[in-house]
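# An overview of the molecular structure
Listed below, chain by chain, are the residues.
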Amino acid sequence: MRTAVRNQQPLARSTAVAPAAIANFATTPAAAPKETKKRTSSTTTKAKASASKANAAAAAVDGSAAATTKRGGAKAKAPKKEKLKPWQARGADGKLLPLPSANKPTLRSSFLIYMSERVAQLKGEPLYQKTSPKTGAQVVDIVKMAKAVGAEWAQLAPNLKARYEAQHEQEKEEYERALAEWKAALSPEDIKRQNAYIASQKKKGIKGTAFLRDPAKPKRPNSAFFEFLNDLRASEAVIPNITEFSKRGGERWKQMSAEQKAPYEQRALQALEQYKRDLEIYNSTRGPEL
């Protein structure tokens, strides 16, 4: 009996374990969760990949748009502001304005009057013709002609020169009138531009041109000494030599007492005060002093 029981116990254990294992296998969801996790992971990976592609495409579009905008911006970039020289200015049409001196009247000397007359007479003569190196045509040799006319003028008799000197005096009257009109028409800006150009020429060593002055600007009055000289000049009928006259006036001024100088000093002081008032009005209406 014991032997039979012993032989049956393992069988009983085996029979008892099998249903439990089967029950555990039946109740534990092993395969299904693994498959679901794999599918979820795969779906997430695909979604991430799609999102990455979409982001990359959007970035490419944005980059292309940015590049297009940059290129477009470069094309639409405003031009650099032109830096003009102090004497340069542009008109309403955008063209550079000529210097005021371009319209300044000129006065011919008696020699230039004679030369213009002789050039008209000699320009057709073969002696004063030369071949142009650029065109090969016959042109006037103005240098050779000017030398010849200059030699003629040096040998010209005084009575023959008198006609050209008289013509020069006639033209001088017209020149002074035209020059006064030209100066009166100058604006403060014109004077600044012209004086800036003259200053640039002087820096280069080119001399001979005086700075312009605004005709409307008040003139600085005379000193007491020059007021005295004006009175002295009015008292003398003829002044043969202005240098000697000024020297003689200076000597007399040094010998005068303070009481004798007082009227001239008072006159000069009053003129200076009036000048300051006029200059203040000028600066307020025409701009800063030039």
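Residues numbered from 1 in each chain as written. Predicted model: local features only at pLDDT ≥ 70, side-chain atom pairs only at ≥ 80, totals over all residues. Heavy atoms only, no water.

### A word on the side chain of Ser132
Inspection of the secondary structure assignment puts Ser132 in the loop between strand S1 (129–131) and strand S2 (138–140). Residues contacting Ser132, with those up to four places away along its chain left out, are Ala137 and Val139. (Helix = DSSP H or I, 4+ residues; strand = E, 2+ residues; numbered from the N terminus. Contact = heavy atoms within 4.5 Å.)

### Here's the deal with the packing of aromatic side chains
In total, this model carries 10 aromatic pairs according to the counting rule given. Ring geometry for Trp87 and Tyr197: centres 5.7 Å apart, planes at 75 degrees, overall edge-to-face. With Trp87 in the loop between helix H2 (31–75) and helix H3 (110–122) and Tyr197 in helix H6 (residues 188–203), this pair connects stretches of sequence that are 110 residues apart. Note on Tyr197: relative accessible area 28%, which makes it partly exposed. With a centroid separation of 5.2 Å and an interplanar angle of 80 degrees, the aromatic rings of Tyr114 and Tyr164 are classed as edge-to-face. Taken together, the positions of Tyr114 in helix H3 and Tyr164 in helix H5 (residues 158–185) put the pair 50 residues apart, joining distant regions of the chain. Grouping residues by exposure puts Tyr114 and Tyr164 together as buried. Among the aromatic residues, those joined into a cluster by ring pairs are Phe225, Phe226, Phe228, Trp253 and Tyr264. Across from the ring centre of Tyr164, 4.2 Å away, lies the NZ or CZ of Arg163, which sits over that ring. A cation over a ring is seen here: Lys202 above Phe211, with NZ or CZ 5.6 Å from the ring centre. (Phe/Tyr/Trp six-rings, centres within 6.5 Å; stacked < 30°, edge-to-face > 60°. Buried < 20%, exposed > 50% of the residue type's maximum accessible area, 1.4 Å probe, protein only. Lys NZ or Arg CZ within 6 Å of the ring centre and 35° of its normal.)

### A look at the packing of helix H7 (residues 224–235) against helix H8 (residues 242–255)
Interaxial distance between H7 and H8 falls to 10 Å at its minimum, and their mutual angle equals 120 degrees. Regarding the angle of H7 to H8, the classification is oblique. Crossing angle aside, the handedness with which H7 passes H8 is right-handed. Of H8, the residues touching H7 (which contributes Ala224, Phe225, Phe228, Leu229, Leu232 and Arg233) are Ile242, Phe245, Ser246, Gly249, Gly250, Arg252 and Trp253. (Axes fitted to C-alpha atoms, helices over the stretch in contact; angles between N-to-C directions. Parallel < 35°, antiparallel > 145°, perpendicular 65-115°, else oblique. Left-handed = near helix turned anticlockwise from the far one by under 90°.)

### Topic: H3
Along its 13 residues, H3 runs 18 Å from first to last C-alpha, staying within 8% of the 18 Å computed at 1.5 Å per residue. Listed as buried for H3 are Ser110, Ile113, Tyr114, Met115, Arg118, Val119 and Leu122. (Expected span 1.5 Å × (residues − 1).)

### Observations regarding a nonpolar patch on the surface
Where nonpolar side chains cluster on the molecular surface, the patch consists of Val140, Ile142 and Val143 and spans about 230 Å² of accessible area. For Val143, the location among the structural elements is in helix H4 (residues 142–155). (Patch = residues over 30% accessible without salt bridge, like charges linked within 9 Å, V, L, I, M, F, W, Y side chains within 5 Å. Areas by Shrake-Rupley, 256 points an atom, 1.4 Å probe, with all protein chains shown as cover. Salt bridge = Lys/Arg side-chain N within 4 Å of Asp/Glu carboxyl O.)

### Details of the pattern of salt bridges
On inspection of all chains with the given rule, the structure shows eight salt bridges. Taking the shortest distance from any N to any O, the salt bridge between Glu152 and Arg118 comes out at 2.9 Å. Linking Glu152 in helix H4 with Arg118 in helix H3, this pair joins segments that are 34 residues apart in sequence. Glu152 gets classed as partly exposed once you look at its relative accessible area, which sits at 26%. Where Glu181 meets Arg177, a salt bridge forms, and the shortest distance between an N and an O atom there is 2.7 Å. Within this pair, Glu181 and its partner Arg177 are both found in helix H5, separated by four residues, close to a single helical turn. Taking relative accessible area as the criterion, Glu181 reaches 47% and is therefore assigned partly exposed. Residues joined in a network through salt bridges with shared partners are Glu174, Arg177 and Glu181.

### Points about the confidence of the model for the chain
Summary statistics for the chain give a mean pLDDT of 78 and a share of 71% for residues scoring 70 or more. Here residues 1–32 is a poorly scored stretch, pLDDT under 50, and it has zero contacts once near neighbours within four places are set aside; other chains count. The model gives residues 34–38 a pLDDT under 50, and that stretch makes zero contacts with residues more than four places away or in other chains. (pLDDT = per-residue confidence, 0-100.)

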